[in-house]
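# Structural characterization, general
What follows is each chain in one-letter form.
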Amino acid sequence: MTTSLTPDWSSEFEHYKQLSREVVTSEDKINFFNQNQKAFYLDSFSSSWAQMMEAYEAKERITEDQLNKLEEMQWQDMPESLKLFAYDFCIKNGFCFTATSS
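These lines cover the structure that appears in this document, whether it is placed above or below. (Residues numbered from 1 in each chain as written. Predicted model: local features only at pLDDT ≥ 70, side-chain atom pairs only at ≥ 80, totals over all residues. Heavy atoms only, no water.)

### Some points on the overall build of the protein chain
Scanning the protein chain for helices and strands turns up six helices and zero strands. Along the protein chain, helices (α) and strands (β) appear in the sequence α-α-α-α-α-α when read from the amino end. Across the 102 residues that make up the protein chain, the buried fraction comes to 35%. Surface summary for the protein chain: the accessible area is close to 6,600 Å², and the carbon and sulfur share equals 50%. (Helix = DSSP H or I, 4+ residues; strand = E, 2+ residues; numbered from the N terminus. Buried < 20%, exposed > 50% of the residue type's maximum accessible area, 1.4 Å probe, protein only. Areas by Shrake-Rupley, 256 points an atom, 1.4 Å probe, with all protein chains shown as cover.)

### Observations regarding the packing of aromatic side chains
Within the structure shown, the criterion is met by 12 aromatic pairs. Aromatic pair F85 and F89: ring centres 6.1 Å apart, planes at 25 degrees, arrangement stacked. One end of the pair is F85 and the other is F89, both in helix 5 (residues 80-92) and four residues apart, which spans about a single turn. Owing to a relative accessible area of 18%, F85 belongs among the buried residues under this scheme. Put simply, the rings of F32, F33, F40, Y41, W49, W75 and Y87 pair up and form one aromatic cluster. (Phe/Tyr/Trp six-rings, centres within 6.5 Å; stacked < 30°, edge-to-face > 60°.)

Purely geometric numbers; function is a separate question.
Next comes the structure, spelled out in C-alpha cells:
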C-alpha cells in the first residue's frame, strides 16, 4: 500500500538536495541551516539529527547539560560550529540525501 506522503517526502529530499548543490562555502552552509530547518528533520528513519547531536557532543567535548541548552536554543541562534557540523553530518553526508538520485 502506497501512502500519499511518499511522493511528497521524496520530492522534499530532491528539493533540499538541489538547494544543497549551491552550497560551497561555510557561509553557504550556515545560510542553508538558517533557512531550511525542515531539511535536517526529513531523515526521521535514522534519526540523523539525534545522531548528529551525539557526534557533536563528542567532537566538541561538551557536557550533556550544555547539549540540552543547545537543543533548547532558537534555530537561528545556534552556534555556527554546530550549524557547520550539522550541515556536513545531516545534509552533505546524510544517508537519505546521498541515496537520492542525482
